[in-house]
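# Topology and contacts: notes
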Amino acid sequence: MNILLIGAGGREHALAWKVANSHQCDQLFIAPGNPGTALFGTNLPIKVGDFDALKTAALTNNIEMIIVGPEDPLVKGIYDFFAQDAATQHINVIGPSAEAAQLEGSKAFSKHFMQRHQIPTAGYAEFTLENYEQGKEYIAKHTLPVVLKADGLAAGKGVIIAFTHQEAMDSFEEMILNKQFGDASAKVVIEEFLTGIEVSVFALTDGKNYKIIGHAKDYKRIGEGDTGLNTGGMGCVSPVPFMDDAFMQKVEERIVKPTIHGIHQEGMTYKGFVFFGLMNQGGDPYVIEYNCRLGDPETEVILPRLQTDLVSLLAAADNGTLEDVNIEYHNASFATVMAVSGGYPGAYKNNFIITGIEQAKALPDIHVFQAGTSFHEDAVVTSGGRVLTVTAKGTNLQEAVSKAKDGLSKIHFEGMYFRKDIGFEFP
Ligand code: AMP
Ligand code: GLY
């Protein structure tokens, strides 16, 4: 079948690689893609939010499956757009309906959902301009640190962890009175701070059944030893040593099952990936957030680890046979290490020539997944904060990380930085 993949980052490069390797994939198109995805299919210069142009491209190219990478088009209703149009409703769109995508698109929606289904998460309250004064009182009495979250999508910047009441009050005022994130912060969720180790679990669901397809630990801070500013993710490892059968059983029983059951019971349409952002607090998992898509760079380790054919899996989510699919993993450890532009996550420059990708790829057990890159004539140049990530397979995590760093040692662009300590707590 012909498949259209939507997005342009490292996650999409990894998806393009995995999809193109499926015997079920005839032609792959990527909108808009990047120089990495172009190695596995045809990039189409269409923005992820231009649904009309995506529809035309889907019909012109006889697309039978659409895989949506990022959250924005999902929250804006791309699933419903294709499902409600007689010309496109035969296409298997992998992604939740706009209603179900609120699990990511609205923090308040997801907290209510978790409360209704007794899914473990941090205690919270929500405030708008109407009860602004009560919000201030609530903050004044709250234990520290306290977490403030803009309700809507805020490009990963809508969460503040405040260590003093003053800082929390200031952020609260910024969000509600000064509309720091526009409509996204018209409502603010204030929640308890969870301590522990953050991990991610991924499932594929058809809205009734589900399969867990992997898990990972993401390293979010820019600096070594988990210091400095938050980023989109500086590297990942999978599998995670402490996410053993006992822990995963708790995740499945307490979180995954009640979530999928809740989606089904409430009649939401959800055929796609569910990303459970979890805190392992003393061996017990709590939900920090839901995302309605795969993670980036989590995808760059979970797909190489997944042995099962992805396209068959996605077809099964469409035709009601998900329950019958066997999920198999490669018996090895995987790590990915992200190379970023100098200055990231602050200001950085683009258009530096990247060299050495081919040399890195020539090493055994290595993938180079491009994230923020573009073509400049024949050269591949930097065009984002997170530029590319090197994934490696090893017999253990340390070997995987070490091989990923060997791969990065072949690659160069001006200002390139990466964390050398991914997986540091698992010697
Ligand atoms: P979110 O956008 O909900 O993923 O939040 C961004 C990051 O803030 C998370 O990845 C966590 O590192 C942190 N965070 C969010 N909520 C909490 C919480 N209740 N307790 C501790 N850390 C949190
Ligand atoms: N790496 C975190 C995310 O994709 O949201």
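Residues numbered from 1 in each chain as written. Chains lettered and ligands numbered in written order. Predicted model: local features only at pLDDT ≥ 70, side-chain atom pairs only at ≥ 80, totals over all residues. Heavy atoms only, no water.

### Thoughts on unusual backbone geometry
Glycine aside, residues mostly have negative phi, and peptide bonds are mostly found in the trans state. Each neighbour pair has its own omega, and for S238 with P239 the value is -5°, a cis peptide bond. Within the secondary structure, P239 is located in the loop between β14 (235-238) and α9 (245-265). Y344 connects to P345 through a cis peptide bond whose omega is 10°. Along the chain, P345 falls in the loop between β17 (333-340) and α12 (357-361). In this structure, N62 is a non-glycine residue whose phi angle is positive, near 50°. Among the secondary structure elements, N62 is positioned in the loop between α2 (51-60) and β4 (63-68). The backbone phi angle of Q118 is positive, close to 50°, even though this residue is not glycine. On the secondary structure map, Q118 appears in the loop between α6 (107-116) and β6 (124-127). (Helix = DSSP H or I, 4+ residues; strand = E, 2+ residues; numbered from the N terminus.)

### Looking at the pairing of β14
In the case of a regular strand, side chains alternate between the two sheet surfaces. Burial along β14 is two-sided: the residues G235 and V237 and C236 and S238 are all buried. Direction of pairing for strand β11 (residues 210-218) relative to β14: antiparallel, over a ladder of two bridges. Note that in β14 the partner of K217 across the bridge is V237. With four bridges connecting them, β14 and β17 associate as antiparallel partners. Across the sheet, residue G235 finds its bridge partner in β17, namely V337. (Buried < 20%, exposed > 50% of the residue type's maximum accessible area, 1.4 Å probe, protein only. Pairing = 2+ DSSP bridges.)

### Things to note about empty space enclosed by the protein
Under the counting rule described, the total for this entry stands at one cavity of 30 Å³ or more. Along the walls of the largest cavity sit K107, S110, K111, M114, K149, V189, E191 and I288, which together make up its complete lining. Where the lining of the largest cavity is concerned, the elements lending two or more residues are α6 and β9 (188-192). With four residues, α6 is the largest single contributor of residues to the lining of the largest cavity. Taken together, the residues that form the lining of the largest cavity break down as three nonpolar, one polar and four charged. (1 Å grid on protein atoms, 1.4 Å probe; cavity = no way out; pocket = protein on both sides within 12 Å on 5 of 7 lines; lining within 4 Å. Points joined across faces, edges and corners; volume = space filled by probe spheres on them. Nonpolar A, V, L, I, M, F, W, Y, C, P; charged D, E, K, R; others polar.)

### Regarding the site of ligand 1
The environment of ligand 1 is made up of 15 residues, and the closest members are E191, E192, L194, E198 and E289. K149 places a side-chain nitrogen or oxygen 3.0 Å from a nitrogen atom of ligand 1. (Near = heavy atom within 4 Å. Polar contact = N/O pair within 3.5 Å; in protein donor to acceptor, adjacent residues only side chain to side chain.)

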